[in-house]
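Geometric and topological summary
What follows is the residue order along each chain.
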Amino acid sequence: MKSQAVPFNWAQWTALPESEKVKYLTVEGRVYDVLFSQQFNRALLDHLYVLTNRIRLISKTREGADWLSTLLSTKKAMLYFIQPSTRTFLSFWSACAVLGIRVVDVRSTETSSEVKGESSDDTLRTFSSYFDLLITRHPEQGYAERASFILGKTRRPIPVINAGSGKDQHPTQALLDIFTLRRSFEPTGGLRDKTIMMVGDLRRGRTVRSLCYLLANFEDIRIVFCSPKAYGMGEDIKQFLTRHKVAWSETDRFEASIPDADAIYMTRLQDEHDVAGETHAYDVSQFSFRPEHLKILKPSAVLMHPLPRRTEIDEEVDRDPRAMYWRQVRNGMWTRVALIAHLFGVDRRILDK
Amino acid sequence: MKSQAVPFNWAQWTALPESEKVKYLTVEGRVYDVLFSQQFNRALLDHLYVLTNRIRLISKTREGADWLSTLLSTKKAMLYFIQPSTRTFLSFWSACAVLGIRVVDVRSTETSSEVKGESSDDTLRTFSSYFDLLITRHPEQGYAERASFILGKTRRPIPVINAGSGKDQHPTQALLDIFTLRRSFEPTGGLRDKTIMMVGDLRRGRTVRSLCYLLANFEDIRIVFCSPKAYGMGEDIKQFLTRHKVAWSETDRFEASIPDADAIYMTRLQDEHDVAGETHAYDVSQFSFRPEHLKILKPSAVLMHPLPRRTEIDEEVDRDPRAMYWRQVRNGMWTRVALIAHLFGVDRRILDK
Amino acid sequence: MKSQAVPFNWAQWTALPESEKVKYLTVEGRVYDVLFSQQFNRALLDHLYVLTNRIRLISKTREGADWLSTLLSTKKAMLYFIQPSTRTFLSFWSACAVLGIRVVDVRSTETSSEVKGESSDDTLRTFSSYFDLLITRHPEQGYAERASFILGKTRRPIPVINAGSGKDQHPTQALLDIFTLRRSFEPTGGLRDKTIMMVGDLRRGRTVRSLCYLLANFEDIRIVFCSPKAYGMGEDIKQFLTRHKVAWSETDRFEASIPDADAIYMTRLQDEHDVAGETHAYDVSQFSFRPEHLKILKPSAVLMHPLPRRTEIDEEVDRDPRAMYWRQVRNGMWTRVALIAHLFGVDRRILDK
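Owing to the predicted nature of the structure, the values given are computational and were not obtained by experimental measurement.

On a plain count of helices and strands, chain A comes out with 14 helices and 11 strands. At 20 Å, chain A has a C-alpha radius of gyration in line with the 20 Å of a compact globule built from 353 residues. Projected onto its principal axes, the C-alpha positions of chain A cover 55 × 50 × 40 Å. Buried positions account for 64% of the 353 residues belonging to chain A. Counting contacts in chain A only where the partners sit at least 6 residues apart, residues at least 24 apart contribute 77% of the total. Put simply, chain A shows about 13000 Å² of open surface, and 51% of that area lies on carbon and sulfur atoms. Across chain A, the centroid of the 50 positively charged side chains sits 5 Å from that of the 44 negatively charged ones.

This is how it looks when you write it as structure tokens:
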């Protein structure tokens with residue numbers, strides 16, 4: 001957050017609706033902290049989409065890759081990943097590497113000064129003393145937001161990117177999902193008039209919530225929530241979609257719904273959030289994509305998954321060209337390169353290249 | 001230590017007074033290993049002070065920062081931090097990054113070959129085979145000194161920087177404290193004729209001991225040791241100061257002593273060194289700086305702390321311009337850049353820039 | 001492995017003899033994956049020997065070191081070291097640094113997505129999505145080979161280097177050992193007509209097995225296996241040597257065999273592979289090199305050890321010029337630089353420099 005930007009205390013801040021918070025997370029028309037998906041309006045999504053494609057293109061030549069790696073070569077980033085997540089960690093690490101940013105990580109609190117009884121606020125101030133960017137995944141609910149708030153109260157704030165805290169949103173995952181959807185649908189007229197089915201433990205899934213917020217920026221799409229009744233999408237999201245005139249429906253019949261979908265977004269059972277026994281109810285097999293389903297899947301459709309997966313998608317399916325989840329992984333890296341380039345204001349130079 | 005430099009065995013070496021050791025830690029007039037504060041005389045402190053300010057200035061422009069990052073871009077450093085300390089670790093990491101040094105770290109012995117029963121001497125020789133610099137914090141008393149000694153016996157020694165071992169000194173912390181004091185006192189005639197009060201667990205505090213050694217290089221200063229009687233500064237330091245004609249006194253009345261101080265150096269209770277129950281005696285509240293103390297603090301005074309802090313300084317105090325501890329953190333990075341630049345002999349080029 | 005290269009499934013693949021596998025691990029005449037020593041024929045060993053010497057020479061000047069660090073500066077490598085090994089880890093890290101490759105590491109499975117129940121195949125695909133090279137040491141037998149196989153089945157394979165998996169071979173160790181032998185014997189006519197004694201726990205030692213495979217590429221050498229009877233070299237290796245007309249013999253009398261050796265390759269007791277009590281039989285003192293042995297060692301001979309060592313070689317011996325084990329460590333780094341340069345096809349540019 002911009003230095004001394006916020007006239008509120010923490011209690012007042014958290015009471016604000018996301019839509020109110022957005023302007024404090026923006027400095028001179030560009031995103032400063034990346035905390036939740038509602039920060040990304042259509043104009044910004046379009047900008048990042050073009051930027052990401054441009055970066056991928058430039059990086060294909062040795063000369064281009066060299067040039068990209070000079071853009072932010074004097075910047076230093078801290079990857080503060082207290083909640084384990086190899087994939088997201090490596091994706092951000094690689095994105096920083098592409099731009100020449102030097103990265104250090106703290107991947108366990110043991111190595112942290114907190115053992116000497118330091119407050120986590122002081123730990124944050126220490127980070128902002130040495131680094132130009134903080135990318136964090138933390139078990140504590142709302143950690144990234146608090147980090148942004150705390151640093152905003154100091155004379156030396158730095159941008160904070162939420163790589164997933166507690167059961168929060170996971171905004172950069174949503175960005176890469178949107179990118180993948182748009183790229184996949186380019187031959188078929190883009191996102192407009194498409195049916196996107198989200199499947200699995202929607203109640204506790206972080207990525208599907210964030211994705212819904214972004215999808216509200218696009219016209220004429222239909223969202224189908226497919227899950228066991230007890231694992232349906234939260235009311236808040238459904239109301240949000242209704243407010244934004246996004247058509248949505250619910251079903252617990254996966255197989256029967258496959259033929260209508262233009263995109264199927266599979267997710268895993270979030271049983272790390274379980275309270276004992278809870279998930280007996282959930283029959284994973286009923287919400288898994290099996291090889292035979294390829295026959296009833298539209299030829300133009302795409303199959304996505306945020307990963308890591310368990311058995312929701314049979315590995316045999318990977319070979320089908322409609323399986324997009326490994327491309328999502330690569331897209332995630334490029335999307336994060338674009339986002340960081342935007343944060344530091346080198347996006348213009350990239351587009352002009 | 002310079003290759004095969006020392007004519008003594010370990011027992012003989014450790015028997016030498018620090019003042020004797022210094023010459024073996026110096027090669028062609030420049031520091032080779034950084035083990036303890038007594039290595040830094042007034043001339044060297046002045047040199048590092050000018051160098052540090054120069055580096056901060058150069059780094060302010062993108063062009064300058066780029067230039068700095070080329071100076072040692074083919075060097076490799078090992079950060080061997082077996083004793084956790086995020087702040088010091090990140091400070092050295094950042095300092096290396098500023099100079100373009102590539103850094104790898106070992107932050108836990110689990111990942112070390114020692115599990116296969118390798119002697120720590122062989123581990124050191126391995127480090128010196130791959131790296132150009134060893135920066136270490138280790139629970140073992142005198143580890144950095146032993147590392148320097150062991151490597152000095154080999155054909156391929158490398159510089160060793162003591163980032164704090166056991167209850168040893170913490171020389172680079174003392175360097176940054178001196179730098180902060182001098183910078184803070186520039187408007188008011190420098191360190192000469194100033195009263196510096198050190199507060200807290202002086203008996204076990206590493207930083208205050210190192211700082212005392214460096215302060216002996218300056219004229220007409222007064223040191224006030226403020227602590228509970230049972231936690232007073234060690235006799236060795238007090239005798240050292242007396243030998244060097246530094247005026248010092250002791251008190252256990254913190255609040256009453258605030259008005260006379262030009263600098264107050266707060267430290268925390270070092271209870272990780274406790275033997276059971278010991279610290280009942282210590283009433284932290286009596287040796288804490290509270291917001292109301294700002295009223296009785298000289299307008300020109302500075303308030304310092306090596307961090308991490310607990311409750312010795314109320315967070316409300318942070319906003320006061322006399323609160324220097326967050327600037328200390330930044331100064332620490334710049335001081336370490338200067339020190340490493342000196343070790344590798346690029347300080348001349350920086351001053352000529 | 002080259003994308004979709006292998007027409008077999010895993011069971012069929014593992015059934016192939018190493019000699020059959022080699023061609024699938026080679027792409028356009030250069031090594032793609034480094035899995036076992038049998039991949040290295042005489043021509044390749046000669047090439048790497050020249051290349052390694054060239055690299056060492058170039059790196060001696062600042063200008064040369066700078067040039068080397070640009071060769072692969074846009075590449076990213078993953079060091080996946082689930083089995084702790086500081087030495088090998090740091091050696092590869094340094095080798096990458098010399099070539100300007102950016103390196104990230106995963107040194108413990110805790111930090112891995114596997115905690116969320118991801119299959120290790122998916123973890124590998126994630127690595128190949130972000131990185132250009134995978135260097136791995138893993139407790140699982142044959143892990144590196146499986147990684148190469150799995151990635152070979154995908155659209156985006158990357159080279160895999162086996163840094164030691166389970167009780168497998170340790171091919172890059174063998175490369176550095178051969179390099180050290182050749183360099184040491186340059187004044188005395190090279191490897192031809194030399195007697196190489198391997199000492200210690202040959203039954204379970206990884207490095208001696210790999211070294212034997214490489215030695216079969218050289219004419220007129222004699223290998224002496226010196227160990228307690230219960231810890232002799234495996235039949236498979238002895239048959240391999242016989243097939244390749246390499247003279248070998250066995251003895252359990254270490255001291256008596258020293259005078260005949262041109263090179264003595266000491267190894268430690270591999271008791272981490274012990275089943276209870278097993279190693280009572282093994283009297284380490286009978287297979288240790290003591291200072292007095294220097295008197296009966298040929299003046300032109302060399303004493304080697306893969307390290308880490310315990311008591312197999314007295315530290316006093318280190319000072320003798322015939323003690324090569326610390327030079328092996330350095331050679332290991334340079335050999336790995338050469339190998340990686342070859343993998344990425346920049347070896348030609350280095351030789352032309």
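Now for the interface of chain B and chain C. Accessible area lost during the coming together of the parts is what is often quoted as the interface size. Each side of the interface is counted separately: chain B has 30 residues, and chain C has 32 residues. Interface of chain B and chain C: buried area, both sides summed, is about 2700 Å²; carbon and sulfur atoms make up 50% of it. Summed over the shared surface of chain B and chain C, the result is 3 salt bridges. In this structure, Arg125(B) engages Asp318(C) in a salt bridge whose closest nitrogen and oxygen atoms are separated by 3.2 Å.

What follows concerns the sheet that holds strand 11 (residues 302-304) of chain B. Residues and elements named next belong to chain B. Here 5 strands make up an open sheet; going across it, the order is 9-8-7-10-11 and the pairing parallel. Looking along the sheet, the strands with just one partner apiece sit at the ends: strand 9 (247-251) and strand 11. Recorded for the sheet is a direction-independent mean angle of 20° between the axes of neighbouring strands. Of the strand pairs in this sheet, strand 10 (residues 263-266) and strand 11 are connected by 3 bridges, and their pairing is parallel. Looking at strand 11, one finds that Ile-264 is bridged to Leu-303.

Our next topic: a positive patch on the surface. Together, Lys60(A), Arg183(A), Arg327(A) and Arg155(C) give the surface a local cluster of positive charge. Mapped onto the elements of the fold, Lys60(A) is located in the loop between helix 3 (42-59) and helix 4 (62-68).

Our next topic: the pairing of strand 9 (residues 247-251) of chain C. Residue and element names in this part refer to chain C. Summarising the sheet, strand 8 (residues 222-226) and strand 9 pair through 5 bridges and their orientation is parallel. Paired with Phe-225 across the strands is Glu-250, a residue of strand 9. On the question of chirality, the crossover connecting strand 8 to the parallel strand 9 by way of helix 10 (residues 235-243) is right-handed.

This part takes up helix 7 (residues 143-152) of chain C. Along an α-helix, residues three or four apart share an orientation, since each turn contains 3.6 residues. Counted residue by residue, helix 7 of chain C has 10 buried out of 10 residues, so it is predominantly covered. Turning to helix 7 of chain C, its buried residues are Tyr143(C), Ala144(C), Glu145(C), Arg146(C), Ala147(C), Ser148(C), Phe149(C), Ile150(C), Leu151(C) and Gly152(C).

Here we take up the pattern of salt bridges. Applying the stated rule across the entire model yields 85 salt bridges over all chains. In this structure, Glu20(A) engages Lys23(A) in a salt bridge whose closest nitrogen and oxygen atoms are separated by 3.7 Å. As a salt-bridge pair, Lys353(C) and Glu63(C) come within 3.2 Å of each other at their nearest N and O atoms. Here Lys353(C), found in the segment after helix 14 (347-352), pairs with Glu63(C), found in helix 4 (residues 62-68); they are 290 residues apart in sequence, far enough to count as distant. You can call Lys353(C) partly exposed: its relative accessible area is 37%. Three or more residues are tied together by salt bridges with common partners; here these are Asp105(A), Arg107(A), Asp105(B), Arg107(B), Asp105(C) and Arg107(C).

Here we come to the side chain of Asp347(B). Take Asp347(B): it is sitting in helix 13 (residues 347-352). Among the polar contacts listed, one links the side chain of Asp347(B) to the side chain of His47(B), at a separation of 2.9 Å.

Further remarks concern the relation of the copies chain B and chain C. By a simple turn and slide, chain B fits onto chain C: the slide is 0.0 Å along the axis, the RMSD is 0.0 Å, and the turn is 120°. What we have between these two chains is a three-fold relation.

Time to look at the interface of chain C and chain A. Counting residues at the interface gives 30 residues for chain C and 32 residues for chain A. Applying the counting rule to chain C against chain A returns 3 salt bridges. The salt bridge partner of Arg309(A) is Asp122(C), with a shortest N-O separation of 2.7 Å. Linking chain C with chain A are 12 residue pairs in polar contact (both at pLDDT 80 or more), by the criterion used here. Listing elements by their share of the side of chain C that touches chain A, those giving two or more residues are strand 3 (76-81), strand 4 (102-106) and helix 6 (120-130) of chain C. Looking at the side of chain C that touches chain A element by element, the count peaks at 7 residues for helix 6 of chain C. Each residue belonging to the side of chain C that touches chain A can be placed in one class, and the counts come to 9 nonpolar, 10 polar and 11 charged.

What follows deals with the nonpolar core. Residues and elements named next belong to chain C. Grouped together as the largest cluster of nonpolar side chains are 124 residues, with contacts concentrated most on Met-198, Ile-264, Phe-289 and Ile-340. Here this core takes 11 residues from helix 13 (residues 325-343), the largest share from any one element. Apart from the residues lying within four places of it in its own chain, the contact partners of Ile-264 are Met-197, Val-199, Phe-254, Ile-258, Phe-289, Leu-297, Val-302, Leu-303 and Met-304.

What counts and what doesn't
- Residues numbered from 1 in each chain as written.
- Chains lettered and ligands numbered in written order.
- Predicted model: local features only at pLDDT ≥ 70, side-chain atom pairs only at ≥ 80, totals over all residues.
- Heavy atoms only, no water.
- Helix = DSSP H or I, 4+ residues; strand = E, 2+ residues; numbered from the N terminus.
- Rg over C-alpha atoms; globule rule 2.2 N^0.38 Å.
- Buried < 20%, exposed > 50% of the residue type's maximum accessible area, 1.4 Å probe, protein only.
- Contact = heavy atoms within 4.5 Å.
- Areas by Shrake-Rupley, 256 points an atom, 1.4 Å probe, with all protein chains shown as cover.
- Lys, Arg positive; Asp, Glu negative; His and termini not counted.
- Charge placed at Lys NZ, Arg CZ, Asp CG, Glu CD.
- Buried area = accessible area lost by both parts, 1.4 Å probe.
- Salt bridge = Lys/Arg side-chain N within 4 Å of Asp/Glu carboxyl O.
- Pairing = 2+ DSSP bridges.
- Axes fitted to C-alpha atoms, helices over the stretch in contact; angles between N-to-C directions.
- Patch = residues over 30% accessible without salt bridge, like charges linked within 9 Å, V, L, I, M, F, W, Y side chains within 5 Å.
- Right-handed = clockwise from strand over helix to strand, strands pointing away.
- Polar contact = N/O pair within 3.5 Å; in protein donor to acceptor, adjacent residues only side chain to side chain.
- Least-squares fit on C-alpha atoms with pLDDT ≥ 70 in both.
- Nonpolar A, V, L, I, M, F, W, Y, C, P; charged D, E, K, R; others polar.
- Core = buried A, V, L, I, M, F, W, Y, C linked by side-chain atoms within 4.5 Å.

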